[in-house]
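Residues per chain are reported as follows:
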Amino acid sequence: MDFNDSPAEAEFRQQVQSWLQDNVASVLGADSHQDAAAFTANARLWQRKKAQAGYAAIRWPRAEGGLDGTPMQEVIFQEEESRYAVPTGPLVTIGTQMTIPTLRTHGTAEQIERFTRPTLNGDLLWCQLFSEPSAGSDLANLRTRAVKDGDDWVINGQKVWTSWAHVADWGILLARTDSEATKHKGLTFFLVDMRSPGVDVRPIENISGESEFNEVFLTDLRIPDSYRLGAVGEGWKCAMTTLMNERVNVGGESQALPSVVELLEQIGKNGSQVTQDRFKLASLLTKELGLRYFRFRLMTSLSKGETPGPIAAMSKLVYANVLQELSAIALDNLGLEGMTEQQPGSPMARFTYGYQWAAALRIAGGTDEILRNQIAERVLGMPGEIRVDKNIPFSQCR
Ligand SMILES: Cc1cc2nc3c(=O)[nH]c(=O)nc-3n(C[C@H](O)[C@H](O)[C@H](O)COP(=O)(O)OP(=O)(O)OC[C@H]3O[C@@H](n4cnc5c(N)ncnc54)[C@H](O)[C@@H]3O)c2cc1C
């Protein structure tokens, strides 16, 4: 029971808890880095189980595989699910939380029919082919080209930092179709079968020796026009839908945030006392609660069919920073325990993982600086950055 739950929500929470207890055991155990194949298989299986139970799309109508549920029920499910080290994360959510909303907003009826259910069921895993060596924060600077040839588009270029491209079935791709238009106008959005000839995925090895993301080289890749999403030249609009949903989703990971209260409990169990950082902890607790209630608002606006807009950036910005600061305090205060091997899913494992992941999270899906710029300009109405390449053809941009 959570102190915020109404009686109906408390009942739903109990249902979820017992469903999780009955179902998680079969998918736990495979490490995403040590055995990517087993992890991927478990991720598909976990997604399928959730879809069968209606938990994969709680707010959707039952006829479409949902539960006709409320935003609050979705939050409750995420909170309870996050207590287990289940195989999920970007490998699954790029499809379920980013691609599906983009398809449902911009896709044709055939595209929605073709991809939604298999993605919800875990049969299709997706990757996001947006970033390039010269296009990260300035995504519209991308240079991968798509040229029309009969009923196909022919794609040439290079993507980078593509998470899970080595196991993904399909990708969402942003490419330039018109270099004479201004840089945001000449882009088009495509769906790519990652097993097509012309797709060459090369893993990037991290400093830790793990390979979670990749370079993807696209050479004379042919994509049928039926896999174009939205109109030619309207790719930026589609990509904004994807990125907005990415930020809401990453902020949603905050359900998995190891909390200040959890940290204090853990410290208590160790017989130690927090001797420092008291004010910081109080401030983090405030942000943690603010984030939780802000997230309820975002979920409510999504459930009304609204697009949360640039304010959603706050969710990821605050989450990544709280995660980094809190995990650092945890590791400092818990001493040796923070450095030794931990039980997956245990509070300590979550703090250790949080500490390692937060640095990457502050970059992925839009860096802190870019999100702050967006909030300043588009939420607070402050003067925009000087952009000299805004109104000239892309071919003239340097
Ligand atoms: C873990 C992880 C997973 C990722 N997965 C994917 C994926 O699956 N698919 C994908 O397409 N991409 C992915 N990315 C890439 C990610 O989107 C980019 O790294 C991010 O957008 C930043 O781009 P960049 O790395 O090119 O940095 P740059 O854009 O070169 O930025 C470098 C620095 O300059 C700052 N900066 C840049 N412009 C401004 C400005 N106007 N004002 C103030 N500061 C500025 C940035 O904040 C940053 O600190 C992933 C990244 C990470 C870390």
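Everything here concerns the structure above.
Predicted, not measured: the structure shown is a model, and the values here were computed from it.

**A short note on the pattern of salt bridges**
Under the counting rule described, the total for this entry stands at 22 salt bridges. In this structure, R362 and D368 form a salt bridge, with 2.7 Å as the shortest nitrogen-oxygen distance. Residue class for R362 comes out partly exposed when judged on its relative accessible area of 28%. R387 is the salt-bridge partner of E377, the closest N and O atoms lying 3.3 Å from each other. Of this pair, E377 sits in helix α11 (residues 368–379) while R387 sits in the segment after α11, placing them ten residues apart in sequence. The exposure class assigned to R387 is partly exposed, which follows from its relative accessible area of 41%.

**Some details on the nonpolar core**
One finds F115, W126, F130, L174, F189 and L191 to be the most contacted residues of the largest nonpolar core, which totals 21 residues. Sorting the residues of this core by element identifies α4 (90–106), β4 (170–176), β5 (187–193) and α6 (235–252) as the ones contributing at least two each. Contacts of W126, omitting those with residues within four sequence positions, involve L91, I94, G95, T99, F115, T119, A168, W170, G171, I172 and L191.

**Thoughts on unusual backbone geometry**
The general pattern is negative phi for most residues beyond glycine and trans for most peptide bonds. The backbone of W164 sits at a positive phi, close to 65 degrees, despite the residue not being glycine. Along the polypeptide, W164 turns up in the loop between β3 (152–163) and β4. Within the chain, D220 stands out as a residue other than glycine whose phi angle is a positive 50 degrees.

Cut-offs used in this document
Residues numbered from 1 in each chain as written. Predicted model: local features only at pLDDT ≥ 70, side-chain atom pairs only at ≥ 80, totals over all residues. Heavy atoms only, no water. Salt bridge = Lys/Arg side-chain N within 4 Å of Asp/Glu carboxyl O. Buried < 20%, exposed > 50% of the residue type's maximum accessible area, 1.4 Å probe, protein only. Helix = DSSP H or I, 4+ residues; strand = E, 2+ residues; numbered from the N terminus. Core = buried A, V, L, I, M, F, W, Y, C linked by side-chain atoms within 4.5 Å. Contact = heavy atoms within 4.5 Å.

Remember, this is a structural readout, not a statement about activity or role.
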